[in-house]
Amino acid sequence: MDVRTVGVAVVGFGWMGRVHSQAYQRVPHHFPQLPVRAELVAVAEEVPGRAEEAAAQFGFASTTRDWRDVAADPRVQAVSITAPNFLHREIGIAMAEAGKHIWIEKPVGLTAEDARAVSEAVAKAGVRGTVGFNYRNAPAVAYARELIASGELGTVTHVRVRLFSDYAAHPDGALTWRYERARGGGGVLGDLASHGVDLARFLLGDIASLAADTAVFIPERARPTGATAGHTLATGGELGPVENEDYVNCLLRFASGARGVLEACRVSVGEQNNYGFEVHGTKGAVFWDYRRMGELGVSRGTSYQDQPVSTVFVGPGHGEYGAFQPGAANAMGYDDLKVIEARNFLRSVAEGTSYGATLDDAVHSATALDAMSRSAAQGTWVDLG
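Residues numbered from 1 in each chain as written. Predicted model: local features only at pLDDT ≥ 70, side-chain atom pairs only at ≥ 80, totals over all residues. Heavy atoms only, no water.

Chemist: Residue-level account of the nonpolar core, with values.
Modeler: Residues Val 279 and Met 372 are the most contacted members of the largest nonpolar core, which totals 92 residues. Counting residues per element, this core draws most heavily on helix α8 (residues 188–204), which supplies 10 residues. Residues Ile 81, Ile 93, Val 108 and Val 131 belong to the second largest nonpolar core, which totals 33 residues. (Core = buried A, V, L, I, M, F, W, Y, C linked by side-chain atoms within 4.5 Å. Buried < 20%, exposed > 50% of the residue type's maximum accessible area, 1.4 Å probe, protein only. Helix = DSSP H or I, 4+ residues; strand = E, 2+ residues; numbered from the N terminus.)

This is the structure:
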């Protein structure tokens with residue numbers, strides 16, 4: 001098998017930059033027949049010392065504090081964009097215009113306009129664009145989609161999608177860019193609800209209209225006094241306002257006629273990554289909890305009333321499970337989902353055809369997020385047509 005090497009750079013080396021870097025290195029182990037390999041050429045990170053740390057740990061050939069050096073580097077053919085949200089549009093467009101394929105984390109900027117601008121730049125440049133909607137890569141989610149599409153559940157009537165987390169629940173959480181409208185966008189809308197919209201569309205198709213309510217439950221936080229990573233605590237600093245949403249609750253109407261509820265919160269005490277969905281149809285239902293990633297609750301048959309729910313342990317034949325484990329009920333984790341995403345990106349680059357979540361998916365998600373903000377402000381339903 002002839003193997004092609006693609007020069008890869010990572011822009012932004014916080015936690016997600018690490019996840020992307022190790023995903024690239026793991027792809028050959030799980031997908032040995034993929035005729036393309038990533039060569040870690042460059043890493044860009046503005047915080048002093050982080051890029052050098054990345055090079056020492058992952059073997060990047062060069063480091064820089066300016067992402068523009070990556071755009072100008074002829075060795076780089078593909079770029080992971082894992083910088084803060086407010087930089088996604090500028091970096092995404094610049095990389096596309098420089099002829100680089102991009103794997104960009106959601107929500108691809110702060111607005112639908114940002115996502116659309118990056119999507120148009122990618123299309124114009126003729127490069128590939130993959131987006132970090134990783135939860136759709138879970139084998140149980142792939143199986144749920146298969147069951148829905150096959151008609152096993154009958155006609156889908158309604159869905160509930162939840163994304164509850166406590167990452168911002170501590171009142172001493174530092175007032176980082178994530179809580180600023182100009183740099184963090186819509187808060188929990190971009191962080192979590194973006195995933196919820198993608199899961200809903202992935203399973204049930206396009207959303208036709210929605211009505212939303214939002215809230216900020218921790219209105220002030222202390223400003224950090226130094227560089228931050230992740231969700232740092234800060235005490236004693238000057239207090240500043242939290243400008244974007246802690247919580248969103250949204251009613252959905254799908255083009256198919258199905259109804260839905262999407263709820264997301266970043267300050268849910270007692271909830272650690274409680275993400276999942278329940279999809280109900282006229283003949284059955286499926287239930288998924290991210291914290292039990294390899295299980296899918298399935299109810300199907302002709303009993304209707306008192307119809308039981310069985311727990312299916314996903315295995316080879318469900319999504320990309322077979323690339324990681326030889327038999328059902330062996331656990332997979334978050335990082336495995338990003339390996340699948342990295343494989344889809346590299347395959348897209350090699351074949352010139354998009355695999356996995358695309359920038360078109362990002363535009364649809366961002367359009368729904370903008371509609372949620374408008375709906376909450378106006379107190380009305382908003383059409384997405």
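That shown, we press on.
Chemist: Which residues make up the pattern of salt bridges, and what values go with them?
Modeler: Applying the stated criterion to the full structure yields 26 salt bridges. Between Asp 191 and Arg 178 there is a salt bridge, with its nearest N and O atoms 3.5 Å apart. With Asp 191 in helix α8 and Arg 178 in the loop between β7 (156–164) and α7 (181–184), this pair connects stretches of sequence that are 13 residues apart. By relative accessible area, Asp 191 is classed as buried at 11%. Overall, the relative accessible area of 22% leaves Arg 178 in the partly exposed class. Residues Arg 183 and Glu 180 are paired through a salt bridge, measuring 2.8 Å at the closest nitrogen-oxygen approach. Look at the salt bridges and you will find they share partners, linking Arg 136, Asp 198, Arg 201, Asp 206 and Asp 361 into a network. (Salt bridge = Lys/Arg side-chain N within 4 Å of Asp/Glu carboxyl O.)

Chemist: How would you explain the environment of Asp 335 if you had to name every residue and give the values?
Modeler: Mapped onto the elements, Asp 335 comes out in helix α9 (residues 334–351). According to the relative accessible area criterion, Asp 335 is partly exposed, its value standing at 29%. For Asp 335 and Asn 134, which are 201 residues apart along the polypeptide, the C-alpha to C-alpha distance reads 9.3 Å. Those residues in contact with Asp 335 that sit more than four places away from it in its chain are Val 19, Gln 22 and Arg 26. (Contact = heavy atoms within 4.5 Å.)

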